[in-house]
Amino acid sequence: MAAERQGGGGGRGAGAEENRDGRDGKDNKENERPAAPQPGGLGDSLGLEILQIVKESQQQHGLRHGDFQRYRGYCSRRLRRLRKTLNFKMGNRHKFTGKKVTEEILSDNRYLLLILMDAERAWSYAMQLKQEANTEPRKRFHLLSRLRKAVKHAEELERLCESNRVDAKTKLEAQAYMAYLTGMLRFEHQEWKAAMEAFNKCKTIYEKLANAFTEEQAVLYNQRVEEISPNIRYCAYNIGDQSAMNELMQMRLRSGGTEGLLAEKLEALITQTRAKQAATMSEVEWRGRTVPVKIDKVRIFLLGLADNEAAIAQAENEETKERLFESLLSECRDAIQAVREELKPDQKQREHSLENDSGKVSNIQYLHSYLTYIKLSTAIKRNESMAKSLQKALLQQQRSDEDGKRTPRPQDLIRLYDIILQNLVELMQLPGLEEDKNFQKEIGLKTLVYKAYRCFFIAQSYVLVKKWSEALVLYERVLKYAREVQSGAGAHRNSLKELPDVQDLITQVNAEKYSLQAAAILDANDPHESESPSQVKDGKPLSERFETFCLDPSLVSKQVNLVHFPPGFQPIPCKPLFFDLALNHVAFPPLEDKVEQKAKSGLTGYIKGIFGFKS
């Protein structure tokens, strides 16, 4: 309780924050007295949108980013503002005097909001402690204490809502809120049966409220029901219902990960279940070779691989599928990293085994190649799925031609197929598969298929800029790749089932060739297109084309081409050059006598100069 009072605004920092918030018009509005009931309403009955207030406050004050401390500070400041507005003070600065909201003073729904904020403050502090308890286990005791305090405030709110002054909807919401916090407390105590009963009660109330109101009002209730459902299934599994485990895993895979109270427990449960199954898994077979699997993380990943692939196949939309692909790739990278750590201390031994086995890689290296194959194959499937969705968007764009937003282009598909071809090159270089002719043949055929599609979309990009000859050559290259795939498929048709059908591509290319030839003929027979004054762009400035009419949009832009600046150089006549050719034939007068006279004048001349004697 002392910790809550301290967070409630006793310090100077909290007071400054409160004063800053008090100047905000929004905080003033949220503490105003509610409007009078409308005609035809329930008279003087009080109402409070409990779930809506809670959700809006959480989303606007920290919980969108998981910042429970910020939300707890907001609850404390709002409590202080409410007490000040209602003149419901707990004593003064020198002495604390506890006061409770009773039914006799319940004349304003802000008294109900006061208790709701008390419960929310205690709950947010508990969730903050839950995050910190991962590194400091002793904080779990404080966490349970705060949850009990939140349940106590929720019980008080439910008791006050039983009054005749409160409307029926608020009574139901108070009961559901009380059941939700009770379920969370029992969940933390691992009292699965009691927690399941509380969550079921909460779910039932919210479902009835959702059915009783419009779709817009029912969105919040349905969201809360979806949040509670995994907790109910988890409790059912711990009670003994084994079918709940499969439902939990399917919910996790469909949503790409669970959030909230259940996240860590569900991840630990799935890991524990797979670890039990992994205890019986000792080896894996791939391309005719059996490899022992001794690393637990790799065992768990390989056991969950089939479930992840099934969930991807059953994904309802592209966004969910993309999220599942990313989750699978992340798990695969972790497994590969675990194998690499095992490879490091065994480097010398592996090199020695390579010499003795005539190039045959070790088991751990072959397992690394298998996991790398899974990672690259999954990346190829993900990029292919993205390419299919972009192709659909391109078709819809050609039909609707929507403006105002960025539309997909063939260049986007070219980039995806470049990445796929790069992954195929890495697959052909995997250690241990260099001599596997069937594998190399399969990868070669897949490379031809994706090269054909890449060339097709490069040709489409050339069509957009009206480069008809380049596009026609690329279409011929597409047909060449497609025929090579058809002629070389033979015994590898089963491995090519998952790839796009090249026959459909051939049909599409033939149709595009005919339309390309027609467009090229029409473009060649249209002489007005290049001579239209609106399309003439000769690059001349305005000062040089006064006599020629031309629609130039750049004249009304910030970069107007008026004159050449700086001006170009012009030839001008230069000054004549004078060459003094007579200098080489001039004879200067001799100066030897003057030079000798200067050389003879030494100390004697100096003394004569002092005494005034001159020669």
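Residues numbered from 1 in each chain as written. Predicted model: local features only at pLDDT ≥ 70, side-chain atom pairs only at ≥ 80, totals over all residues. Heavy atoms only, no water.

If you check an unreviewed UniProt entry, the protein chain appears there as Signal recognition particle subunit SRP68 from Lepidothrix coronata. The annotation that UniProt attaches to the protein chain under Function (unreviewed entry) is "Component of the signal recognition particle (SRP) complex, a ribonucleoprotein complex that mediates the cotranslational targeting of secretory and membrane proteins to the endoplasmic reticulum (ER). The SRP complex interacts with the signal sequence in nascent secretory and membrane proteins and directs them to the membrane of the ER." (UniProt positions renumbered as here; feature names shortened; annotations may be inferred.)

Asker: Hey, could you run me through the pairing of strand β2 (residues 289-292) in this one?
Answerer: Residues in a regular strand project their side chains so that they alternate between the two faces of the sheet. Residues R289 and V291 line the buried face of β2, whereas the alternating positions T290 and P292 sit on a face that is not buried. Sheet topology places strand β1 (residues 283-286) next to β2; 4 bridges connect them, and they run antiparallel. Bridge pairing in β2 places E285 opposite T290. The antiparallel pairing of β1 with β2 creates a hairpin that spans 2 residues between the two strands, and R287 there sits at a positive phi of about 55°. (Buried < 20%, exposed > 50% of the residue type's maximum accessible area, 1.4 Å probe, protein only. Helix = DSSP H or I, 4+ residues; strand = E, 2+ residues; numbered from the N terminus. Pairing = 2+ DSSP bridges.)

Asker: Sorry, what's going on with the nonpolar core here?
Answerer: The nonpolar side chains of a soluble globular protein tend to be buried with one another. V298, F301, L302 and L371 are the most contacted members of the largest nonpolar core, which has 68 residues in total. Counting residues per element, the ones that place at least two in this core are β1, α13 (296-313), α14 (318-343), α16 (363-400), α17 (410-428), α18 (437-464), α19 (468-489) and α20 (502-524). With 12 residues, the single largest contributor to this core is α18. Dropping the residues within four chain positions of it, L371 is found in contact with V298, F301, L302, C332, A335, I336 and V339. (Core = buried A, V, L, I, M, F, W, Y, C linked by side-chain atoms within 4.5 Å. Contact = heavy atoms within 4.5 Å.)

Asker: Can you help me understand a nonpolar patch on the surface in this one?
Answerer: Residues L555, V556, V560, L562, V563 and F565 make up a contiguous nonpolar surface patch of roughly 610 Å² in combined accessible area. Within the element layout of this structure, V563 appears in the loop between α21 (528-531) and α22 (592-600). (Patch = residues over 30% accessible without salt bridge, like charges linked within 9 Å, V, L, I, M, F, W, Y side chains within 5 Å. Areas by Shrake-Rupley, 256 points an atom, 1.4 Å probe, with all protein chains shown as cover. Salt bridge = Lys/Arg side-chain N within 4 Å of Asp/Glu carboxyl O.)

Asker: For this particular structure, what's the right way to read the pattern of salt bridges?
Answerer: Opposite charge on two side chains makes pairing possible when the charged atoms of those side chains draw close. Under the defined criterion, the tally for this structure stands at 15 salt bridges. Salt-bridge contacts for K169 lead to E49; the nearest nitrogen and oxygen are separated by 3.0 Å. Of this pair, K169 sits in helix α8 (residues 168-188) while E49 sits in the loop between α3 (25-30) and α4 (50-60), and the two are 120 residues apart along the sequence. Among the residues examined, E49 registers a relative accessible area of 32% and is labelled partly exposed. Ionic pairing is found between K139 and E136, a salt bridge with its closest N-O pair at 3.7 Å. What makes K139 partly exposed here is its relative accessible area of 25%. Taken together, the shared-partner salt bridges in this structure form one network comprising K55, R224 and E227.

Asker: Could you clarify how one ought to interpret α4 in this entry?
Answerer: For an α-helix, 3.6 residues make a turn, and residues three or four places apart therefore share a direction. Listed in full, the buried residues belonging to α4 are I50, L51, I53, V54, K55, S57 and Q58. Those residues of α4 that are buried are in contact with α5 (68-86), α6 (109-132), α7 (139-161), α8, α9 (192-212) and α10 (215-239). Two residues or fewer past α4, G62 is found with a positive phi of approximately 115°.

Asker: Where do I start with the environment of D108 in this structure?
Answerer: Relative to the helices and strands, D108 is located in the loop between α5 and α6. Between the C-alpha atom of D108 and that of R165, which follows or precedes it by 57 residues, the distance is 9.8 Å. One polar contact links D108 to R110, side chain to side chain, over a distance of 2.7 Å. (Polar contact = N/O pair within 3.5 Å; in protein donor to acceptor, adjacent residues only side chain to side chain.)

Asker: Would you take a moment to explain the packing of aromatic side chains for this structure?
Answerer: How two aromatic rings sit relative to each other is given by the distance of their centres and the angle of their planes. Inspection of the entire model under this criterion finds 18 aromatic pairs. Positioned above the aromatic ring of F213, the side-chain terminus of K169 is 4.4 Å from the ring centre. Lying over the aromatic face of Y366, R289 brings its terminal NZ or CZ to 4.5 Å of the ring centre. (Phe/Tyr/Trp six-rings, centres within 6.5 Å; stacked < 30°, edge-to-face > 60°. Lys NZ or Arg CZ within 6 Å of the ring centre and 35° of its normal.)

Asker: Explanation requested: the confidence of the model for the protein chain in the structure shown.
Answerer: Predicted coordinates in regions of low pLDDT should not be interpreted in detail. Chain-level pLDDT for the protein chain is 78 on average; 75% of the residues reach the 70-or-more range. Between residues 34-43, whose pLDDT stays under 50, and residues either more than four places distant or in other chains, the model counts 5 contacts. Segment residues 253-262 is flagged for pLDDT under 50; beyond a separation of four residues in sequence, or across chains, it makes 22 contacts in the model. (pLDDT = per-residue confidence, 0-100.)

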